[in-house]
Number of protein chains: 2
Amino acid sequence: MSTDGSRRRDVTVADVAKAAQVSKAQAARALGNYGAVSDDVRERVLAAAEELEYRPNELARSMNTGKSNTLGVVVGDIENPHFGLAMRGITDTAKKGGYNVVLINTDEEQAAEVDAVRVLLDKRVDGLIVAPASSIETAHLRQVRESGRPLVLLDRAAEGVDAETFAVDMGGISYESTKHLIEAGHRRIAFVSTVRTNAPYFAGMKLDSSQISDRLDGIHRAFNEAGLPQPTDLIRLNAGDADSIMRITRELLRGKDRATAIIASDGLIALSVVEAIQSSGLSIPEDVSFLMYDDFAWTRLTTPPLTVIAQPVYEMGQAAASALIRQIEGRKAGAPSPELVARLIRRGSVGAPRTADVLSQAGG
Amino acid sequence: MSTDGSRRRDVTVADVAKAAQVSKAQAARALGNYGAVSDDVRERVLAAAEELEYRPNELARSMNTGKSNTLGVVVGDIENPHFGLAMRGITDTAKKGGYNVVLINTDEEQAAEVDAVRVLLDKRVDGLIVAPASSIETAHLRQVRESGRPLVLLDRAAEGVDAETFAVDMGGISYESTKHLIEAGHRRIAFVSTVRTNAPYFAGMKLDSSQISDRLDGIHRAFNEAGLPQPTDLIRLNAGDADSIMRITRELLRGKDRATAIIASDGLIALSVVEAIQSSGLSIPEDVSFLMYDDFAWTRLTTPPLTVIAQPVYEMGQAAASALIRQIEGRKAGAPSPELVARLIRRGSVGAPRTADVLSQAGG
DNA sequence: GTGAAAGCGCTAACAG
DNA sequence: CTGTTAGCGCTTTCAC
C-alpha cells in the first residue's frame, strides 16, 4: 500500500499532532527536542511519529533557524587524489560536528568557481571551504566575506580576502627541495605545472596560484643563494593534459642544455612526467632526477621509489573544516590548529647528474 | 558599510518589490522567471534586484516547489580514487543537468549508510545515488523506493531493491581473468578483499557485497571448468588496513603450498599487496603473478607495469547521474545507456609460475 | 498583466 | 507545561 510508487504527500508535524491529539506546537517541540514538553506528551508524539513514519523536513527547519548544517566545498578537481584526501578530512570532521557537505567541482575554471560560490550561498550553506582556482581574481570570495558568511581557504591564499587559510609553507619547502637538488649537483632543474598563464614566464611573474608562485620563489631563492643562474627557461607552466605533459617532458630532456632534474607540481602531473621519462628509455635517477609534490602510496612502488614533498593533506582538510565550524558557531579560536608542515621525503629518485651533462652545460 | 562583518539580513523579494514599486507577486515572477510579467515591470524589478544585490533563497524556493535540484550521493570512501573518478562523472553530469551534489562518506559502515540516506532524504534531495556497503541489509534502500524518491545504485546491487544499477559484469570479467591466470599455468590463485564477513569463507558463501560474490563466483567457475581444485584457502576477506593487507600477503606467499598469483580487489588493496611483495624481496612476475581491479595511471609506472581489470568508472558515474536525473524529471529511458564493460588489460605482471612451485604443489 | 492572500513545514514569541 | 498566533521567503491560487 505504501509501495504505490507515486510520491505520497510527506507526513508533517501537523499530522503527528493530530494523531497524538496535541497541538502542533507541542508536537514540534517533542519532535525537534526543544522547549518544554511533559513526558506524557512526548511519548504520545514520538509514538505517533513512529507510527506515521514521520520525517522532519530539514528545509523548513533551516528556513526558520537560518541554519542548514551544511558546509559548501569548492575544489578544482575531485578526481585528483590530493583533493580526495582533503575531502575525506573535511567530511570526517564535518560529520563529527553534525554537518553535511555539498561539493562542487570547478575543473579549475574561474567562471565555474564564481558560479559555485553563488549557488552555495543561495542554498544557504552555513559556511564555505574554497580551494581558489585563482589567487588574483577574488571578487567573489570578497563578496562572501562581505555577506558575513564564514569562509576558509584551502591550499592557496587569495589576495585581498581576509580568511583563514590552510596550506603549508610552500616557499620554504620548495627552497629546501631545490637546495637538495643543487647540492646533489644539479644546475638545470625543471618545474612542470598546469597553472595557466597567458604571458610567457619570467622570474617574479605574478601567477594565478599563490601556491605555484611561492614554489617558484623558493626555487629562485635557492639558486640565488647558491650564486647560480636561474633555470628560468625550464619553468613550464600551462602544462595541460597528460599528452601535453609528456610532450613537454620530452622537450625538457632533449639537447645539450637539457634538464637534469624535474620537479612535478602534483601527483597527476607526476604520473605523466614519469611515464614520459620511462618511455624515452631514460632511467631515474641515473639519467634524470625526479621530485614531486604529494606523497601518494604508489610513489613507493616505482623503481626506484620517488622522492616526494609530503603535505599533510588530510589534516589540512580537517583543520579547514574545524576552523569553519568554529567560525559558524561563533566560537573563538581555542587551541591553535596543528602546524601544517610539508616534508621532503628522500627516497631513490634524486641522484647526481651525469658528469657529461654538467661538463657540456658548463662549457656551453 | 557592507563590510560590517555581522551577517546582515538578506534582501528578499519583498525588498525588491518595494524598491521597484510593484507587488511582491510580480517581483517574484520576474525574479523567478515564471508567470506573466510585462517588460516594463520585469525591467524595473531586475534593476532593483541588481541594485540591492538580491539573491534568491533556494531553501524557500525548494520548500514551495518541492524540488531542491540536488542529488544525494552516498559512497564508502571518497579517498579511494575509484570513487573519486565516479564522483567526477556524477558531478559533471549533475552540473550539466542543473543539479548540485551532496556527498556523504560512510567509511563502508552499514550504520553510517543508513544514517546518510536518512539525512539526505530529510534534506529533500531530489534523488539518491548509493554505492551500497551491503547488498544484503537493504531495508533503508527499500524505504527510499517506497517513499517514491528516485534511487540508483552504483557498483553493487542490493537484494530486493528494485533500482537501476550501474556496474560492470563482475562475474564475467573475473572468470575471464582467472582463466588467463590458469592458462599461464597458475593453480594457486589468491584473492584479497576488504569485504567484511563474520564467518570463515567457504565457496558459495553469501557475502555483503554482490560485487565480491560475483568475482568469487567467476573464479570458481573458471576452476571448475578447468577441472582444477578450488583454491578456497587462498580467498582472503576482511583484509582491513594497509598493515593487515601486507601481513596477509606475506602469509599467502609462504610455505610449500603458497599462492603463485594474487588478485587484488581494488586499487587501495593493490598498493599494499605490491608493497608487501616488493619488500619481501620477491619479483613480479617471476616469483608471483599479480592482477588487480581498476586501471589507475600509476599501474603503468611500476616495474613491470601491472595487468589490470579496467572498469569504465567515470562512465558509470555519468550513467548513474543521468539515469537518476531522468527519473527525477519523469522521463522515460531514451537511448539505452552505454554498455558498461570491464576489460582485462594485459601488461607485465602475469607470467608463468615457477616450475618448482608447480611440482611441489602437485607432489604435495 | 497584476495584486491580495493563502500556503509550504517548521520554529518562535507570547499568553495562559 | 500548553496552545495560539505569527512569521521564515518564496510560489501559487484566485480574483480583478
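Everything quoted here is computed from the prediction, not taken from an experiment.

1. Quick notes on the overall build of chain A
Counting its regular elements, chain A contains 13 helices and 11 strands. Relative to its length of 364 residues, chain A is extended, with a C-alpha radius of gyration of 27 Å against a globular reference of 21 Å. In chain A, buried positions account for 54% of the 364 residues. Sequence separation of at least 24 residues holds for 69% of the intrachain contacts in chain A that already meet a minimum separation of 6.

2. Here we look at the relation of the copies chain B and chain A
Overlaying chain B on chain A yields an RMSD of 0.1 Å, the required transformation being a rotation through 180° with an accompanying axial translation of 0.1 Å. Such a turn and shift between the copies fits a two-fold axis. Most of the interface of chain B is mirrored in chain A, where 100% of its interface residues again form contacts.

3. Quick notes on the pairing of strand β8 (residues 261-264) of chain B
All names here are of chain B. Both faces of β8 are covered, namely the face carrying Ala 261 and Ile 263 and the face carrying Ile 262 and Ala 264. Relative to β8, strand β6 (residues 189-192) runs parallel, the two being bridged by 4 bridges. In the sheet register, Ala 190 faces β8, and the bridge partner there is Ile 262. Strand direction decides the pairing type here: β8 and strand β9 (residues 289-293), joined by 4 bridges, are parallel. Bridging from a neighbouring strand, Ala 264 pairs with Met 292 of β9.

4. Digging into the protein's contact with DNA strand D
Around DNA strand D sit 24 residues, and of these A:Arg29, A:Ser38, A:Asn64, B:Val13 and B:Tyr54 come closest. A distance of 2.8 Å separates a phosphate oxygen of DNA strand D from a polar side-chain atom of A:Gln26. One of the side-chain nitrogen or oxygen atoms of B:Tyr34 is found 3.3 Å away from a phosphate oxygen of DNA strand D. Where the surface near DNA strand D is concerned, the elements lending two or more residues are α2 (24-32) and α4 (58-65) of chain A together with α2 (24-32) and α4 (58-65) of chain B. Residue contributions to the surface near DNA strand D peak at 4 residues, all from α2(B). Along the lines of polarity and charge, the residues of the surface near DNA strand D split into 13 nonpolar, 7 polar and 4 charged.

5. Topic: the interface of chain B and chain A
Of the residues lining the interface, 57 residues belong to chain B; the matching set on chain A comes to 57 residues. Between chain B and chain A lies a buried interface of about 5,300 Å² when both sides are counted; carbon and sulfur atoms form 52% of it. Across the pair B:Asp77 and A:Arg88 runs a salt bridge whose closest N-O atoms are separated by 2.9 Å. If you look at where chain B meets chain A, you find 25 residue pairs in polar contact (both at pLDDT 80 or more). Every element with two or more residues in the side of chain B that touches chain A is listed here: α4, α5 (81-97), β2 (100-105), α6 (110-122), α7 (139-147) and α11 (267-279) of chain B. In terms of residue class, the side of chain B that touches chain A is built from 19 nonpolar, 19 polar and 19 charged. In this structure, strand β2 (residues 100-105) of chain A lies alongside β2(B), joined through 3 bridges in antiparallel fashion. For A:Val101, the partnering residue across the bridge sits in β2(B) and is B:Leu103.

6. Quick notes on the packing of aromatic side chains
Geometry of an aromatic ring pair is reported as the spacing of the ring centres plus the angle between the planes. All told, the structure shown has 0 aromatic pairs over all chains when counted by the stated rule. Positioned above the aromatic ring of A:Tyr175 is the side chain of A:Arg221, whose terminal nitrogen or guanidinium carbon lies 4.4 Å from the ring centre.

7. Describing the pattern of salt bridges
In this structure the tally under the stated criterion is 44 salt bridges over all chains. With its nearest N and O atoms 3.4 Å apart, the salt bridge here joins A:Arg188 to A:Asp257. With a gap of 69 residues between them, A:Arg188 in the loop between α8 (170-183) and β6 (189-192) and A:Asp257 in the loop between α10 (242-252) and β8 (261-264) connect regions that are remote in the sequence. Judged by relative accessible area, which is 40%, A:Asp257 ranks as partly exposed. Here B:Arg188 makes a salt bridge to B:Asp233, at a shortest N to O gap of 2.7 Å.

8. Concerning the protein's contact with DNA strand C
The immediate surroundings of DNA strand C are formed by 23 residues, with A:Val13, A:Tyr54, A:Arg61, B:Arg29 and B:Asn64 found nearest. A:Tyr54 places a side-chain nitrogen or oxygen 2.5 Å from a phosphate oxygen of DNA strand C. Between A:Arg61 and DNA strand C, the recorded distance is 2.7 Å, taken from a side-chain N or O atom to a phosphate oxygen. Sorting the residues of the surface near DNA strand C by element identifies α2 and α4 of chain A together with α2 and α4 of chain B as the ones contributing at least two each. Counting residues per element, the surface near DNA strand C draws most heavily on α2(A), which supplies 4 residues. For the surface near DNA strand C, the per-class residue count stands at 12 nonpolar, 7 polar and 4 charged.

9. Quick notes on unusual backbone geometry
Residue and element names in this part refer to chain A. The linkage connecting Ile 284 with the following residue, Pro 285, adopts the cis geometry, with an omega of 0°. Note on placement: Pro 285 falls in the loop between α11 (267-279) and β9 (289-293). In the Ramachandran plot, Asn 238 falls in the positive-phi region, its phi being about 55° despite a non-glycine side chain. Turning to its location among the elements, Asn 238 is positioned in the loop between β7 (235-236) and α10.

10. Focus: the nonpolar core
Among the nonpolar cores identified, the biggest contains 110 residues, and A:Ile129, A:Leu154, B:Ile129 and B:Leu154 are the most heavily contacted of them. Judged by nonpolar contacts, the second largest core, of 56 residues, contains A:Ala310, B:Leu234, B:Met292 and B:Val308.

11. Side note on α4(A)
The backbone nitrogen of A:Leu59 has a side-chain oxygen 2.8 Å away, supplied by the residue at the start of α4(A), namely A:Asn57. Count one or two residues on from α4(A) and you reach A:Gly66, which has phi positive near 75°.

12. Considerations on the packing of helix α5 (residues 81-96) of chain A against helix α12 (residues 313-328) of chain A
Residues and elements named next belong to chain A. At a minimum axis separation of 7 Å, α5 and α12 run at an interaxial angle of 40°. What the angle tells us is that α5 and α12 run oblique. Crossing geometry of α5 relative to α12 is assigned as right-handed. Where α5 abuts α12, its residues His 82, Leu 85, Ala 86, Arg 88, Gly 89, Ile 90, Asp 92, Thr 93 and Ala 94 lie against Val 313, Tyr 314, Gly 317, Gln 318, Ala 321, Ser 322 and Ile 325. Split by residue class, the contact of α5 with α12 holds 8 nonpolar, 6 polar and 2 charged.

13. As for the side chain of A:Thr302
Among the structural elements, A:Thr302 can be located in the loop between β9 and β10 (307-310). At a separation of 2.8 Å, a polar atom in the side chain of A:Thr302 contacts the main-chain carbonyl oxygen of A:Pro304.

14. Let's talk about the confidence of the model for chain A
Averaged over every residue, the pLDDT of chain A is 93; the share at 70 or more is 97%. Overall, residues 1-5 of chain A carries pLDDT values under 50, and its contacts beyond four positions in sequence, including any with other chains, amount to 4 contacts.

Rules behind the numbers
Residues numbered from 1 in each chain as written. Chains lettered and ligands numbered in written order. Predicted model: local features only at pLDDT ≥ 70, side-chain atom pairs only at ≥ 80, totals over all residues. Heavy atoms only, no water. Helix = DSSP H or I, 4+ residues; strand = E, 2+ residues; numbered from the N terminus. Rg over C-alpha atoms; globule rule 2.2 N^0.38 Å. Buried < 20%, exposed > 50% of the residue type's maximum accessible area, 1.4 Å probe, protein only. Contact = heavy atoms within 4.5 Å. Least-squares fit on C-alpha atoms with pLDDT ≥ 70 in both. Pairing = 2+ DSSP bridges. Near = heavy atom within 4 Å. Polar contact = N/O pair within 3.5 Å; in protein donor to acceptor, adjacent residues only side chain to side chain. Nonpolar A, V, L, I, M, F, W, Y, C, P; charged D, E, K, R; others polar. Buried area = accessible area lost by both parts, 1.4 Å probe. Salt bridge = Lys/Arg side-chain N within 4 Å of Asp/Glu carboxyl O. Phe/Tyr/Trp six-rings, centres within 6.5 Å; stacked < 30°, edge-to-face > 60°. Lys NZ or Arg CZ within 6 Å of the ring centre and 35° of its normal. Core = buried A, V, L, I, M, F, W, Y, C linked by side-chain atoms within 4.5 Å. Axes fitted to C-alpha atoms, helices over the stretch in contact; angles between N-to-C directions. Parallel < 35°, antiparallel > 145°, perpendicular 65-115°, else oblique. Left-handed = near helix turned anticlockwise from the far one by under 90°. pLDDT = per-residue confidence, 0-100.

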